[in-house]
There are 2 protein chains.
Amino acid sequence: MISKPKVEVCFTPNLFPLYAEDFEVVVVIDVLRATSAICTAFHHGVEKIIPVSTLQEAKEYKNKGFHVAAERKGKIVDGFDYGNSPLSYRNDKLKGETLVLTTTNGTKAINIAKDIEHLLIGSLLNLNAICKYLTDLNKSVLILGSGWQNKFCLEDSICAGAISENLLQTNNFESFNDSTIAAKYLYLSARTNFFGYLKASSHRKRLKKLNLNEDIKYCLTANQTDVVPYREDYYLKKLS
Amino acid sequence: MISKPKVEVCFTPNLFPLYAEDFEVVVVIDVLRATSAICTAFHHGVEKIIPVSTLQEAKEYKNKGFHVAAERKGKIVDGFDYGNSPLSYRNDKLKGETLVLTTTNGTKAINIAKDIEHLLIGSLLNLNAICKYLTDLNKSVLILGSGWQNKFCLEDSICAGAISENLLQTNNFESFNDSTIAAKYLYLSARTNFFGYLKASSHRKRLKKLNLNEDIKYCLTANQTDVVPYREDYYLKKLS
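Predicted, not measured: the structure shown is a model, and the values here were computed from it. (Residues numbered from 1 in each chain as written. Chains lettered and ligands numbered in written order. Predicted model: local features only at pLDDT ≥ 70, side-chain atom pairs only at ≥ 80, totals over all residues.)

**Student:** Looking at this structure, how should I read the relation of the copies chain B and chain A?
**Tutor:** One copy of the chain maps onto the second through a rotation about an axis and a displacement along it. Here chain B sits on chain A after a turn of 180° about the axis and a move of 0.0 Å along it, with an RMSD of 0.0 Å. What the rotation and shift describe, once combined, is the action of a two-fold rotation axis. Distance from the rotation axis, computed per C-alpha, reaches its smallest value in chain B at leucine 186 of chain B: 3.6 Å. Of the residues that chain B buries at the interface, 100% are likewise interface residues in chain A, meaning the two copies contact each other through the same surface. (Least-squares fit on C-alpha atoms with pLDDT ≥ 70 in both. Contact = placed C-beta atoms within 7 Å.)

**Student:** So what exactly am I meant to see when it comes to the packing of helix α5 (residues 154-169) of chain A against helix α6 (residues 178-190) of chain A here?
**Tutor:** When two helices pack together, their arrangement is given by the angle between the helix axes and by the axis-to-axis distance. Residue and element names in this part refer to chain A. At a closest axis distance of 7 Å, the pairing of α5 and α6 adopts a crossing angle of 100°. Considering their axes alone, α5 and α6 lie roughly perpendicular with respect to each other. In contact with Ser157, Ile158, Ala160, Gly161, Ala162, Ser164 and Glu165 of α5, α6 contributes Thr180, Ala183, Lys184, Leu186, Tyr187, Leu188 and Ala190. For the contact of α5 with α6, the residue count by class is eight nonpolar, four polar and two charged. (Axes fitted to C-alpha atoms, helices over the stretch in contact; angles between N-to-C directions. Helix = DSSP H or I, 4+ residues; strand = E, 2+ residues; numbered from the N terminus. Parallel < 35°, antiparallel > 145°, perpendicular 65-115°, else oblique. Nonpolar A, V, L, I, M, F, W, Y, C, P; charged D, E, K, R; others polar.)

**Student:** Honestly, the interface of chain B and chain A in this entry has me stumped. Any pointers?
**Tutor:** For an interface, size is often stated in terms of accessible area lost upon the parts coming together. Taken together, the 20 residues of chain B in the interface contact 20 residues of chain A. Looking at the side of chain B that touches chain A residue by residue, the classes come out as eleven nonpolar, seven polar and two charged.

**Student:** Explain the environment of glycine 65 of chain B here, please?
**Tutor:** Residue and element names in this part refer to chain B. Along the chain, glycine 65 turns up in the loop between α2 (55-63) and β4 (67-72). Overall, the presence of 7 C-beta atoms within 10 Å leaves glycine 65 in the exposed class. As for glycine 65 and leucine 137, which are separated by 72 residues in sequence, their C-alpha atoms are 37 Å apart. (Buried ≥ 20, exposed ≤ 12 C-beta atoms within 10 Å, placed from the backbone.)

**Student:** Got a minute to help me understand α6 of chain A in this structure?
**Tutor:** Counting along an α-helix, one turn takes 3.6 residues, and residues three or four places apart therefore face a common direction. Residue and element names in this part refer to chain A. Taking 1.5 Å per residue, 13 residues should reach 18 Å; α6 reaches 18 Å between its end C-alpha atoms and fits that length. Counted residue by residue, α6 has eleven buried out of 13 residues, so it is predominantly covered. Those residues of α6 that fall on the buried side of the exposure criterion are Asp178, Ser179, Thr180, Ile181, Ala182, Ala183, Lys184, Tyr185, Leu186, Tyr187 and Ala190. (Expected span 1.5 Å × (residues − 1).)

**Student:** Which parts of the structure should I look at to understand the pairing of strand β2 (residues 25-29) of chain A?
**Tutor:** For a regular strand, side chains alternate in direction, first toward one face of the sheet and then toward the other. All names here are of chain A. Burial of β2 is extensive: five of the five residues sit out of reach of the surface. Alternating positions in β2 separate into two faces, Val25, Val27 and Ile29 on one and Val26 and Val28 on the other, with burial throughout. Two strands pair when backbone bridges link them, and β2 and strand β7 (residues 118-122) are joined in this way by five bridges, in the parallel orientation. Bridge pairing in β7 places valine 27 opposite leucine 120. Where β2 lies against strand β8 (residues 141-145), five bridges are found, and the strand directions are parallel. Bridged to valine 28 within β8 is leucine 144. (Pairing = 2+ DSSP bridges.)

Note that every value here comes from positions in space, so none of it alone points to a role or purpose.
Shown next, in the form of structure tokens:
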């Protein structure tokens, strides 16, 4: 009997080495807000995004004349023009341009998985699009949550659960992994009201303090774009 | 305003360093089956349990004439008399004796937290007893799941959620931690039927293959003992 491709969930980047060798396909998720920002930027015409892990790298790109976005602890870092608010990319200012991006958690997760053959960017915003792409690809998938400073994070786990549930429902995938079961359960409890469900979550509280409730509502509204960002060489592009 | 002690959940031992410095109290959980076996052994009169991480250490104790239990991948290791089946400790054979124990996940988690001032052993079997003890202690608590080879594991997370829910309900504790929220949600969905809920879990499947369904049912039945095992020096004792 030919076994089906599997879908597994890894809750935080520092658990990634336990899973990495079994997968050619990794979907990185940072719902609040890096991967939501990336999907939004591509949707509005950004050509390439270069994810970098450190502020030092971001500064070097800035000195070379790139558009550079840098976020730490929810805020735009001094000296940079953009942070990781998806709302700041909902316009045509960067159409056709390259953007360099560094964030507290998301870009680190992207770079930790950089040697994987198919590295994709997922969020609730492109949920159906990424699931359709993964179903067509028909290979085992690891969904990697960015977490918060390497700790488990609720919104990424719920999004991982949404992708898992969607893929398993097609009956083309299978899972033997407890974190996938947990993520699915969390998604199924949360799906009628993501915003209410996340009320107590540490990240929602953190962003609410920064007056970012509009960002949160936007990031938690599924299926606003069909873009599927993927890694090509050292940058991200969108599948066309 | 004086803040309350907090309750947090760490899903696997290799995330423990991210949490360790904030806590004087750690409850180690390995529902299937190390911490369930420890609670059962103390309930039936075992005097001390020495948790060791490696088979080599276990052999050295055996050569010195100790009673030694050794489990790997769900089975008793050749050459040892006991594994980690709680049912094998439901008798008076080891009353007043010292037992040396090594298991795939549980004893490693215990030893990773060995420098913590108050290291306690939790399971569903001693759920109310451990919660009562923690409430009286009134200090911040980290609940550490043993996981499966450092990956997230469903039954430990549900037990962590049961302890969290119980402590938070007293209103003497607070939590700002996403893994605590997730564990609580998982427990609340599971609590009317742990056995059914865990049907798909990897560990239940693993043990079922080994004909250990009776062990699983026993381990998932809450509040069968009042013992609270704790670390004293290099061994575990039960609070009297």
